[in-house]
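Okay, here's what each chain looks like letter by letter:
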Amino acid sequence: MSIEKQDNPGLLSLLPDQGMKDHIASLRYAKMIQHALMPNPAMLKGMLKDYFILFLPRDIVSGDFYYAFCTRQKMCIAAGDCTGHGVPGALMSILGISFLNEIMQSDVNLNLNANRILNLMREKIMKALHQTGDYRDAQDSIDIGICIIDCPTGKLQYSGANRPLIMIRNGELSEFKPDKMTLGVAPIREASFTNICIETKPGDSFYLFSDGFSDQFGEITDKKFKYKHFKRIIHSFEELPMEQQKQRLESAFNEWKGKTQQVDDVLIVGFQL
Amino acid sequence: MMKLKAFRIRNFRSIVDTGWQNISPDNITCLIGQNESGKTSVLESLKVFYSGIISEDVLRSDLSLPEVSCRFTIPKGWLINITDNPGTELKELLSGLTHLELTRSWIADLSSVINVSGEISQYLDSLEDAWRIYLNDVTIKLDEEMISIRDLETTFSGLTEEESDIRSKLSENEGEKFGFWLFWKKPAEVENQKNIHFPGLKNKLNEIKKQKEEINEILLKKQLIKRAGEKWKKLEEKCTQADNHLKKISFKLEERHQKMTLLMRPIEDEEDTEWKEVLYDFRKTRSDREIRMAEIESHIAFSGYIIDGSTEEEAEKMVEEVIQSYRSHLNSAILGKKYFEYSPVFELFEDFGSLLPNRIDMEDIISGNVNVEGYKAARNFLSLAQVDYSFFQQPSSRILKQKIENLNHTLTHNFHDFWQQSIGRNNKIHIQFELDHYNASYEGKAGKPYLEFWIKDEGERLYPKQRSRGVRWFLSFYMELMASANIRDKQIVFLVDEPGVSLHARAQEDVLKVFENIKDKIQIIYTTHSPHLVEINKLHRVLAVQRDDLDSRRSASRILDPLQLSLASPDTLTPLQSILGNPMGGEGFSSKRFNLIVNDTGSFYMLNAIILLMGFTGKVCVIPSTNVSSIPLLCNIMMGWGLDFSVLLFENDDEIQIAELLKNSVFKTETDTRELIIRMPENFLNSEDLLSTLDFKNHILQSREGITVPNSVYIREKELPRNFILSRFLSNVKEGKIKPTDFDEETLENFKLITGVFGELK
């Protein structure tokens with residue numbers, strides 16, 4: 001959605017036309033940079049049986065981001081949701097992507113479990129944002145779900161910071177619950193994230209996602225889509241190829257949203273082993 | 001009720017300002033430092049905080065006067081119960097306080113006053129400030145009024161002069177006119193002059209009269225103000241005189257102090273009557289000055305009401321009210337004195353001051369004759385035995401003797417709990433007392449009862465004075481401390497200067513056991529040079545005292561708290577360093593266990609904590625090297641003694657080098673079958689890296705900031721006192737404050753890795 005079309009006449013009227021154009025041009029450039037930082041989905045081809053990435057930013061730049069990193073042995077897929085959306089969210093997402101890159105590309109961390117990656121990321125975010133547990137600290141953070149797949153064995157490790165993982169096996173949906181913590185300072189005390197190991201089977205589908213889809217208000221009902229409906233809709237499309245699942249999900253989202261404003265960025269990463 | 005929490009000492013011997021120093025929360029605080037570093041000064045200053053009595057030799061050469069502050073913990077709301085009519089605001093403040101600060105400060109005549117300091121005094125000062133501002137405002141007004149009165153009076157006298165001038169002129173003119181009429185001179189001319197000058201002068205005269213009346217009226221109204229102002233000036237003059245006189249006397253006092261501190265010898269003529277007169281004069285002038293200052297303040301307030309138009313009677317009444325509204329009836333000194341009544345007793349243990357006598361008359365004990373030799377020790381002894389004088393009133397001597405025997409047995413038994421030394425293999429000493437009566441050969445005392453004390457062992461029965469210096473010291477110390485612990489109505493802070501200097505190392509450790517036993521009842525602060533009197537895994541108890549300039553005995557002392565110990569000089573830390581090779585309280589090198597040499601004390605703490613956490617039961621004895629470079633030396637010693645050992649090396653530059661050195665130079669003659677060097681994986685730069693970052697933050701640092709470097713690098717970069725924080729970790733593990741379930745899976749994996757290494761040591 002272009003920024004001119006959004007319902008923010010109060011702010012827009014304050015900006016002179018030329019300034020507005022420059023501002024939008026600059027945001028579009030930022031969008032290019034943000035997209036360039038995120039991995040090319042094509043790199044997942046060959047590693048996965050099938051996959052899709054549904055990425056619908058609310059504004060030009062997005063607070064949601066996806067991440068993938070592959071070696072011969074391992075594959076890492078993550079979907080992150082930063083506090084806020086638009087420019088502040090995008091800045092946080094760039095932090096998230098950079099830190100993930102830094103961790104994954106370090107030789108020392110080659111064999112890290114999924115939860116340790118999140119533990120390390122949290123340290124980096126807390127340090128970057130100078131968070132010490134003081135109530136005056138910046139409260140920004142990232143919710144994320146991360147999967148590490150060991151290619152030869154097919155073992156999948158999942159760890160989540162407020163973001164769950166959905167698995168569909170033989171038509172049955174299972175949900176792996178995340179830790180109720182974020183990548184940033186915790187209200188009382190930070191604890192280690194949990195590592196969940198899943199013995200995968202060929203044909204298993206997995207979904208990582210932000211809360212943008214389920215939190216979207218409907219035009220007709222003026223109610224949120226809700227997570228339980230989101231799970232139901234994912235489940236209902238499970239037999240379709242991934243690309244078609246993406247299209248159905250996008251149409252379902254647009255249909256639900258109608259002419260209301262999109263409330264948050266939407267990201268769904270689906271992949272099949 | 002009041003428990004000492006922290007102290008601050010200023011201008012006491014070599015101490016300029018220690019800053020607030022917390023004493024150990026577990027009630028045992030140890031001061032370490034070189035000779036002449038100022039340790040004893042700390043104890044003495046705390047003692048004089050309680051007694052208030054100092055001599056000139058505690059003054060610094062700049063003659064700045066000492067000030068000792070103590071901060072006490074108190075139950076919340078307790079202060080309200082002991083403060084008379086605190087007033088609403090003060091009551092609110094007192095109800096929330098959980099600590100109290102008292103400061104004793106000395107003045108030139110070396111007398112002292114206890115003030116409440118901290119938050120309470122800040123509040124009282126704010127009241128005092130408001131009162132000063134009020135007085136200042138009135139003073140300015142009064143001054144202005146006095147200037148205005150003086151101006152009016154000057155104008156008035158100027159007008160009076162002018163008036164008399166005009167009158168004299170007029171009378172001259174009248175004379176001239178009269179002359180014309182008399183001598184018929186130029187009548188037409190004079191008539192003209194009269195018309196011109198006379199009305200002008202007369203008008204002016206009238207004008208002056210009018211002005212004078214107006215001024216007079218004002219002056220009459222300001223008569224009271226004038227009187228008040230004049231009295232104010234007189235009072236100020238008296239005060240200035242007192243000030244000047246005080247300055248003169250202070251000069252004399254300083255001269256005497258200078259003589260004392262520079263020559264460093266006591267003033268010989270203690271009975272100097274002239275000196276006594278000077279002191280008397282100083283104290284009297286000071287008290288007079290205070291009275292005059294109060295008089296001035298009250299008079300200024302009175303003048304304020306006079307300026308506002310009150311009568312003297314009305315003003316008198318209102319002064320009382322204004323003083324009450326601005327000034328609390330309580331001030332820092334009144335509250336300080338009141339609260340000090342509840343202060344713990346600070347008792348400095350004097351080595352042989354309470355030495356048990358061989359014999360003491362019951363009469364002296366009953367009459368409380370403190371001057372008789374050994375009175376204090378005998379009193380302590382009876383207190384320890386929980387015996388009062390009625391005990392001896394038992395009519396049956398057989399029953400009394402039996403009771404005394406039972407008591408002797410109990411006393412000895414209790415003493416043995418602490419004094420584990422024996423003469424030879426199993427020959428332990430027994431302490432006992434007996435009641436007896438003087439025989440006829442003691443003239444004047446025949447038939448009177450006395451107590452006799454003995455310290456006996458299997459071989460000999462000897463009087464206390466016949467025993468060794470060490471036994472006498474320990475017994476005296478034990479009795480004093482235990483007797484103090486029996487005093488229930490007041491908290492006691494027991495100050496001990498270098499306990500057990502004449503004791504064997506083991507006996508010194510017994511001293512620590514006594515401290516541990518009574519620490520719930522008595523707070524102890526002691527100084528020591530002995531490594532046996534410092535518990536290496538309780539470094540939080542240690543305060544290091546050293547000079548600012550280590551090479552100068554004249555430089556000021558400073559105190560380093562446990563978190564700053566790494567800044568202390570090597571000499572200051574000697575007692576700590578001496579025990580680094582033996583920090584497990586006697587386990588040290590072992591021929592029965594496998595010795596594992598590690599890089600330093602920090603790793604020693606860390607690994608022992610892991611051993612405890614993982615419940616490792618293998619026979620491994622961790623031996624800390626004083627630093628990495630000493631590892632080859634330790635290896636040589638081990639090889640020389642034929643002990644089983646290995647060296648655990650982490651992956652940092654120093655230890656990688658040492659590994660090479662050991663391989664090439666130290667172990668070159670050893671067979672390859674013995675694994676003498678254990679190398680940790682490369683992500684472990686030091687022992688603290690065995691913890692995950694999260695556990696490191698939660699259990700070692702106790703902070704929450706983000707850390708993106710290995711734990712060991714973080715400690716180095718932030719220059720944290722590694723030994724201290726790792727010792728605290730071990731201590732928390734020992735006390736059960738940290739359990740294995742508190743760690744995340746990353747840490748536990750590492751712990752398993754290291755205990756796996758220990759398990760393979762054979």
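Residues numbered from 1 in each chain as written. Chains lettered and ligands numbered in written order. Predicted model: local features only at pLDDT ≥ 70, side-chain atom pairs only at ≥ 80, totals over all residues. Heavy atoms only, no water.

### A look at the overall build of chain B
- Tallying secondary structure elements over chain B gives 22 helices and 20 strands in all.
- Per-residue burial for chain B yields a buried fraction of 48% across its 762 residues.
- Long-range pairs, those at least 24 residues apart, make up 72% of the contacts in chain B with a sequence separation of at least 6.
- Carbon and sulfur atoms make up 49% of the accessible area of chain B, which totals about 39,000 Å². (Helix = DSSP H or I, 4+ residues; strand = E, 2+ residues; numbered from the N terminus. Buried < 20%, exposed > 50% of the residue type's maximum accessible area, 1.4 Å probe, protein only. Contact = heavy atoms within 4.5 Å. Areas by Shrake-Rupley, 256 points an atom, 1.4 Å probe, with all protein chains shown as cover.)

### Here's the deal with the interface of chain B and chain A
- In this assembly, 14 residues from chain B lie in contact with 19 residues from chain A.
- Taking both partners together, chain B and chain A bury about 1,400 Å²; carbon and sulfur atoms supply 42% of that area.
- Sorting the residues of chain B by area buried against chain A places Leu694(B), Arg704(B) and Thr708(B) first, and these three jointly supply 46% of that buried surface.
- When the shortest N-O distance is used, the salt bridge between Lys697(B) and Glu123(A) registers 2.9 Å.
- Linking chain B with chain A are 9 residue pairs in polar contact (both at pLDDT 80 or more). (Buried area = accessible area lost by both parts, 1.4 Å probe. Salt bridge = Lys/Arg side-chain N within 4 Å of Asp/Glu carboxyl O. Polar contact = N/O pair within 3.5 Å; in protein donor to acceptor, adjacent residues only side chain to side chain.)

### Examining helix α22 (residues 745-759) of chain B
All names here are of chain B.
- The terminal C-alpha atoms of α22 lie 20 Å apart, and with 15 residues this matches the ideal 21 Å at 1.5 Å per residue to within 8%.
- Where α22 is concerned, the buried positions are Thr-747, Asn-750, Phe-751, Ile-754, Thr-755, Val-757 and Phe-758. Down the axis, α22 shows its buried residues gathered within 150° of arc, on one side only.
- Those residues of α22 hidden inside the fold are in contact with β17 (594-598), α16 (601-613), β18 (620-624), β19 (645-649), β20 (677-679) and α19 (693-701). (Expected span 1.5 Å × (residues − 1). Arc of directions from axis to C-beta.)

### Quick look at the packing of aromatic side chains
Residues and elements named next belong to chain B.
- Enumeration over the complete set of coordinates arrives at 35 aromatic pairs over all chains.
- Measuring from ring centre to ring centre gives 5.8 Å for Phe-604 and Tyr-605, while their planes differ by 65°; the resulting arrangement is edge-to-face. Considered together, Phe-604 and Tyr-605 belong to a single accessibility category, that of buried residues.
- Linked through ring pairs, Phe-349, Phe-415, Phe-474, Phe-477, Tyr-478, Phe-494, Phe-515 and Tyr-526 together constitute an aromatic cluster. (Phe/Tyr/Trp six-rings, centres within 6.5 Å; stacked < 30°, edge-to-face > 60°.)

### Focus on the nonpolar core
- In this structure, Leu451(B), Phe474(B), Phe515(B) and Leu648(B) are the most contacted members of the largest nonpolar core, which totals 102 residues.
- With 10 residues, the top contributor of residues to this core is helix α13 (residues 469-485) of chain B.
- Aside from chain neighbours lying at most four places away, what touches Phe474(B) is Phe415(B), Phe418(B), Trp419(B), Leu503(B), Ala507(B), Asp510(B), Val511(B) and Val514(B).
- Core analysis: the second largest hydrophobic core is formed by 52 residues, Tyr66(A), Ala68(A), Ile103(A) and Phe193(A) among them. (Core = buried A, V, L, I, M, F, W, Y, C linked by side-chain atoms within 4.5 Å.)

### Considering the environment of Ser210(A)
Residue and element names in this part refer to chain A.
- Considering the arrangement of structural elements, one finds Ser-210 in the loop between β9 (205-209) and α5 (227-236).
- In this structure, the C-alpha to C-alpha distance between Ser-210 and Val-266, residues 56 residues apart in sequence, is 6.2 Å.
- Aside from chain neighbours lying at most four places away, what touches Ser-210 is Asp-64, Asp-81, Arg-163, Asp-265, Val-266 and Leu-267.
- Of note is the side chain of Ser-210, whose polar atom sits 2.6 Å from the side chain of Asp-64.

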